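This is what each chain is made of:
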Amino acid sequence: MSIDWIPLADLIAMHDRFLVTTHVRPDGDALGSEVGMAGLLRQKGKDARVVNVSRTPPRYDFLDPSGTLFEHFGTQVHPAELADREVAVILDLSAWSQLGDMAGFIRDFPGPRVVIDHHVSQDDLGAIFMKDTAAEATGALVVRAVRALGGQFTHEVATGLLTAIAMDTGWFRHANTRPETLRTAADLIESGAAIDRIYRLLFERNTIGRLRLMGETLAGLRTAADGRIAYATVTRDDIARTGAIPHDTEDLVDFTVSLNGVSVGLLFMEQARGGIKLSLRSRDGLDCARLAGGFGGGGHRAAAGAILPEPLAESVERVLAAVHEALAAEAPPALHPTSTPHPGRSTSELPGL
Ligand SMILES: [Mn+2]
């Protein structure tokens, strides 16, 4: 799906002060895409501020080495301070719920809004959509924007965009990794992105708290539906007891579908604000976005999420019943399901959910 970048070029030509933002609980694609977009705008002589509804997880601090790029909405930046912003560029989301406490601000934003995204779920955000749901990452779309608008892949921009693409493709191992993905990555590495250093910063800075939480969560892994469902839970007490932080649950759900024979993996996480965050992953075609949609969430076919209002035990019961039903309704699985990955599969669940 090709995107017409002329509307973005026009907005850049006509305006000076840009706001760049992304979804709650930002991931590597969200933050790396912001680095790329802010870099492009600044190269064009624009005043770009990157203001997010969530704080930057410590894991991604290397994307903002000076600590001046990512600003936190609400604590560091009062909405009134953004009154001079002329254009809002919204990255890696297409649903109001993904803007969290910034949704009201964006709803009332008087200037043009641009959404650059690859998620299937879509609200009418009153925006110009620059969207390709076949894209492996929003970062890959920002790469196209930089090329289309004649920007430079500086060391900083290349680092952000390689991080974005690498994270949303599961480090180039999921089915959304295409030849073009690797060509783009090669270009970014040639531009100075140090793939080994990025990997080390992302994956080899675990805290003892996160590793203990992983251990406890996996020790509690359970299966259902003759081994086709694997699920685990993380309570607020688990996080406190192990010395982890809520963000340490990131990627834990991927272990559930790593169990041989599992079609659907589920992770239930008690939220500090109340409610349960559910992450879903599927490995042989069951539609996670549809399942999550039944709980008010959304995402991709192979990876999705939702927030459930009831306590943990009830959430588990309700979701397991729905997944059982979905498995019963589908055709029997292929004999070798792992050899037939679903096209367009991505591990980037509906971000923040
Ligand atoms: Mn993404």
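These figures come from a predicted structure and were not determined experimentally.

*Asks:* Mind showing me how you'd approach the pairing of strand β5 (residues 113-117) here?
*Replies:* A regular strand carries its side chains on alternate faces of the sheet. β5 sits mainly inside the fold: five of its five residues count as buried. Here β5 shows no split at all, with Arg113, Val115 and Asp117 on one side and Val114 and Ile116 on the other all buried. Between strand β4 (residues 87-91) and its parallel partner β5, the chain crosses via helix α3 (residues 103-108), and the hand of that crossover is right-handed. Relative to strand β6 (residues 128-131), β5 runs parallel, the two sharing four bridges. Paired with Val114 across the two strands is Ile128, which belongs to β6.

*Asks:* Sorry if this is basic, but what is going on with the sheet that holds strand β2 (residues 47-52) here?
*Replies:* Strand pairing in a sheet relies on backbone hydrogen bonds, with the paired strands running either antiparallel or parallel. The six strands are arranged β3-β2-β1-β4-β5-β6 in an open sheet whose pairing can be described as parallel. Each edge of the open sheet is held by one strand with a lone partner, namely β3 (70-72) and β6. Averaged over all adjacent pairs, the angle separating strand axes in this sheet is 25°, with direction ignored. Bridge count between β2 and β3: three bridges; the pairing is parallel. Looking across to β3, one finds that Val50 is bridged to Phe70.

*Asks:* Can you help me understand the packing of helix α5 (residues 155-168) against helix α6 (residues 179-190) in this one?
*Replies:* For any two helices packed against each other, the geometry comes down to the angle between their axes and how far apart the axes lie. Axis separation between α5 and α6 bottoms out at 9 Å; the angle between their running directions is 155°. As summarised for this structure, α5 and α6 are arranged roughly antiparallel, according to the angle between their axes. Between α5 and α6 the crossing geometry is left-handed. Only Thr181, Thr184, Ala185, Leu188 and Ile189 of α6 make contact with α5, whose side of the interface consists of Ala158, Leu161, Leu162 and Ile165. Along the lines of polarity and charge, the residues of the contact of α5 with α6 split into seven nonpolar, two polar and no charged.

*Asks:* Is there a simple way to think about the domain arrangement of the chain in this case?
*Replies:* By convention, interface size is frequently given as the accessible area that disappears when the constituent parts associate. Segmenting the chain into domains produces domain 1 (6-203) and domain 2 (208-339). Distance from the C-alpha centre of domain 1 to the C-alpha centre of domain 2: 27 Å. Contacts between the two partners involve four residues from domain 1, matched on the other side by five residues from domain 2. Its residues assigned to classes, the side of domain 1 that touches domain 2 shows three nonpolar, one polar and no charged.

Conventions and cut-offs
Residue positions are given per chain, counted from 1 along the sequence in the order it is written. In view of the model being predicted, local features appear only for residues whose pLDDT reaches at least 70, and side-chain atom pairs are presented and counted only at 80 or more, with totals across whole chains, interfaces and linings using the full set of residues. Buried means a residue has 20 or more other C-beta atoms within 10 Å of its own C-beta, exposed means 12 or fewer, and partly exposed covers the counts in between; C-beta atoms are placed from the backbone. Put simply, DSSP marks the helices as runs of H or I at least four residues long and the strands as runs of E at least two long, and each gets a number from the N terminus on. Orienting the strands away from the viewer, one traces the path from the first strand over the helix to the second; a clockwise path indicates a right-handed crossover. At least two DSSP bridges between two strands are required for those strands to pair. For helices, the fitted axis covers only the stretch in contact; all axes are lines through C-alpha atoms, and the angles between them, taken along N-to-C directions, range from 0 to 180 degrees. If an angle is under 35 degrees, it is roughly parallel; if it is over 145, roughly antiparallel; if it lies from 65 to 115, roughly perpendicular; otherwise it is oblique. Handedness of a crossing is defined here by the sense of rotation of the near helix relative to the far one, left-handed for an anticlockwise turn of less than a right angle and right-handed for a clockwise turn. Here, residue contact means that the backbone-derived C-beta atoms of the two residues sit within 7 Å. Charged means Asp, Glu, Lys or Arg here, nonpolar means Ala, Val, Leu, Ile, Met, Phe, Trp, Tyr, Cys or Pro, and polar covers whatever is left, Gly included. Domain start and stop points were drawn from an automatic or database domain assignment.

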